[in-house]
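Listed below, chain by chain, are the residues.
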Amino acid sequence: MNIVVCVKQVPDTWAERKLRSEDKTLDRESVDGVINELDEYAIEESLRIKEAHDGEVTVLTMGPEKAAESIRKALSMGADKAVHLVDDALHGSDVLQTSYAMAQVLRKIGFDVVILGSESTDARMGALAAMLAERLGVAQLSLANKVEIDGGTIRTQRVADYGFDRVEASLPAVVSVVEKINEPRYPSFKGIMAAKKKPVDKLGVADADIDAAKVGLTGAATEVVDFVAAPPREKGTIVKDEGDGGQKVAEFLASKKFI
Amino acid sequence: MDGPFIGGREVTVVLDYRLDEEREALRKTVEQFAREVVAPRAAELDESGEFPYDLVAQMGGMGLFGLPFPEEYGGMGGDYFALCLAIEELARIDSSVAITLEAAVSLGAMPIYRYGTEEQKREWLPRLASGEALGAFGLTEPGGGSDVAGGMRTRAELRGGEWVINGTKSFITNAGTDITQLVTVTALTGELSSGEREISAIMVPVPRSGFSVAKKYSKVGWHASDTREITLTDCRVPEENLLGGRGRGYAQFLSTLDEGRIAIAALAVGLAQGCLDESIKYAKQRQAFGQPIADFQAIAFKIADMEVRTHTARLAYYRAAEKMLRGEPMKREAAIAKLYSSEIAVTNAREATQIHGGYGFMNEFPVARHWRDAKILEIGEGTSEVQRILIARELGL
């Protein structure tokens, strides 16, 4: 089984995240980079599939040089090798362009199943899995909280407001996962040491047959027109219980669609 | 070889206290584990005093109990310094979890690795290195303490191919958990020709007839760590359970302690750093007289001093660890690191509590827990007074 897990490096969610004033793109240099949290679940799931079915797990990352740290971590968790798509031409690519560039790499390296987190904590588009599946002409199984593979068939549970759907498709396929799917492992020291020796294939746009004109900030289909700092959090509402406290709580929960 | 040049001369040895990539990755991993998994549980464990079996299992899965042992014995192929880094990061959040790891590895498993026969190592290390089983070291006795040898009353006699052990051991970490499988005890096994008492170390697999543990002590701190009194009553183990040479028990124990001091220093640095982390967070967020208390110099200077102490203590234990890794004598450096870091841990805990004001006296605040957990660091693994004796002796006094 040839499993590819897509891993994105994002700014640490514990740190203050900023856009760069010069080109309105995310500032990835001044903060610590970490693996997008949902991608950690994708890595864990890919390792579990490998453990159950044999095969190989390849990490695919598109990002600047710094993203090599996240690749190393994915390898230390147990992935076998990695492909790092890194090129200045890719800077500022939006999700359409990213899906094009990553699909080109996936065509080149081949796959039975591609796994990724259902969204990233920085851009939060949540569209990459669908776009990859469309570009590659394979089935998309989104928002999975359970994945089973049986020969050439893949079955997942897709989470929904009302519970979940059972989804089935033939491989190859693209799967996006949610955080309820598993509990990602922490790398062991042995894994950390081993990661150093695992192969990382660095590709530029030319190596992956990516048309440089179709990626990058200038050709992006979307544009960040303006941005402002988030306003400070407003004070909460305090409701005094005057006999109708229960009702007020219920009204509040209903207004937020919790009940 | 390309090296740095100083005064036109190439030098090959430079000071470099940066962690290499692998150790930094390990440190970050444990930091993340402590923050995500241990921190949400710390207050509850402190209150209940329950031993955190699930956390220990997870730490076992991460290989923390096997850090300093070679892979052939089920270890991670790391070293003692890697263990110290893990202990420091755990102690930043919770000392009980950190001391459980420290005692299990450096007191429970390390003596087997250092002094065990090939057979003893093959039998015990894989289990201990995986964290599935815990080991303990029974040295201190009710009348012992700093006067370990003089206070020892536990005796072991060889009868019919078995050691028959009788005695009591105090304050033994990890002695009574459900997964404790080995307690190595020191005992008097005779008299040397010089007239000195012969002390040997004997491995006691548990549970076992003649071996019993009392209920957990009610301690000031380290609530979720398992600390027990042990009683051995005609407890019999096979003759080959002798660990190391007969009569070598005391010397072996002393060298175990030198290493252990570095690990305790790491734990103390972690606690000192935890106090610093909490104080910075609190001082920025707590308002008084219309501004965050961090804007008052009285508070900012306290925090700056906490950072200076923590930084200095960390350098001291890195230095001791560096000498240890190079196989050089490090008795003095280990004693300095242990003495200094344990005393500054107590100071930082006191200052952090002060910065937190009334809240710092509330048990659910991490700094209150750190304050209670800190004091033992000046006592265990050699008191501050013993460290000063060692340092003075090293200076020829």
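To be clear, the structure that these remarks concern was listed above.
Just so you know, these numbers come straight off a predicted model, no measurement behind them.

Peer 1: In this structure, what is going on with the packing of helix 7 (residues 297–325) of chain B against helix 8 (residues 331–356) of chain B? I would like to understand it.
Peer 2: Describing two packed helices takes the angle between their axes plus the distance from one axis to the other. Residues and elements named next belong to chain B. The contact between helix 7 and helix 8 brings their axes to 9 Å, and the two run at 160°. Relative to helix 8, the element helix 7 is oriented roughly antiparallel. Crossing hand, helix 7 versus helix 8: left-handed.

Peer 1: Before we go on, may I ask you to explain the sheet that holds strand 11 (residues 200–203) of chain A in this structure?
Peer 2: Strand pairing within a sheet occurs via backbone hydrogen bonds; the two strands may be parallel or antiparallel. Residues and elements named next belong to chain A. An order of 9-8-7-10-6-1-4-5-11 is seen for the nine strands of this open sheet, with the pairing classed as mixed. The open sheet terminates on both sides in strands that have one partner only, identified here as strand 9 (163–170) and strand 11. On average, each strand axis in the sheet is tilted by 30° relative to the strand beside it, whichever way the strands run. Note that strand 7 (residues 139–150) and strand 10 (residues 173–177) share four bridges and pair parallel. Directly across from A139, in strand 10, lies its bridge partner A173. Contacts from helix 1 (residues 37–53) reach strand 1 (2–6), strand 4 (56–62), strand 6 (113–117), strand 7 and strand 10, with the element oriented near 150° to strand 6. In the packing of helix 2 (residues 68–77) onto the sheet, contacts are made with strand 4, strand 5 (81–85) and strand 11, and the angle to strand 5 comes to roughly 165°.

Peer 1: Explain the nonpolar core to me, please; I cannot follow it from the model alone.
Peer 2: Generally speaking, soluble globular proteins have nonpolar side chains that are buried together. Core analysis: the biggest nonpolar cluster contains 89 residues, and L64(B), L67(B), L90(B), L101(B), I262(B) and Y317(B) have the highest contact counts within it. No other element matches helix 6 (residues 249–285) of chain B, which puts 14 residues into this core. The contacts of L67(B), once residues within four sequence positions are left out, are F189(A), L26(B), M76(B), G77(B), G78(B), D79(B), A82(B), L83(B) and A86(B). Counting 33 residues, the second-largest nonpolar core is a separate cluster that includes V5(A), V57(A), I71(A) and L171(A).

Peer 1: Which parts of the structure should I look at to understand the interface of chain A and chain B?
Peer 2: Many structure descriptions define interface size as the accessible area lost when the parts assemble. Taken together, the contacts link 12 residues of chain A with 20 residues of chain B. Carbon and sulfur atoms supply 61% of the area that chain A and chain B bury against each other, a total of about 1500 Å² over both sides. Of all residues in chain A, the largest losses of buried area upon contact with chain B belong to Y186(A), F189(A) and K190(A), amounting jointly to 51% of the total for that side. Linking chain A with chain B are two salt bridges, by the criterion used here. In this structure, the salt-bridge partner of E22(B) is K196(A), at a minimum N-O distance of 3.7 Å. The tally of links from chain A across to chain B stands at three residue pairs in polar contact (both at pLDDT 80 or more). With four residues, the single largest contributor to the side of chain A that touches chain B is helix 5 (residues 189–195) of chain A.

Conventions we followed
Residues numbered from 1 in each chain as written. Chains lettered and ligands numbered in written order. Predicted model: local features only at pLDDT ≥ 70, side-chain atom pairs only at ≥ 80, totals over all residues. Heavy atoms only, no water. Axes fitted to C-alpha atoms, helices over the stretch in contact; angles between N-to-C directions. Helix = DSSP H or I, 4+ residues; strand = E, 2+ residues; numbered from the N terminus. Parallel < 35°, antiparallel > 145°, perpendicular 65-115°, else oblique. Left-handed = near helix turned anticlockwise from the far one by under 90°. Pairing = 2+ DSSP bridges. Contact = heavy atoms within 4.5 Å. Core = buried A, V, L, I, M, F, W, Y, C linked by side-chain atoms within 4.5 Å. Buried < 20%, exposed > 50% of the residue type's maximum accessible area, 1.4 Å probe, protein only. Buried area = accessible area lost by both parts, 1.4 Å probe. Salt bridge = Lys/Arg side-chain N within 4 Å of Asp/Glu carboxyl O. Polar contact = N/O pair within 3.5 Å; in protein donor to acceptor, adjacent residues only side chain to side chain.

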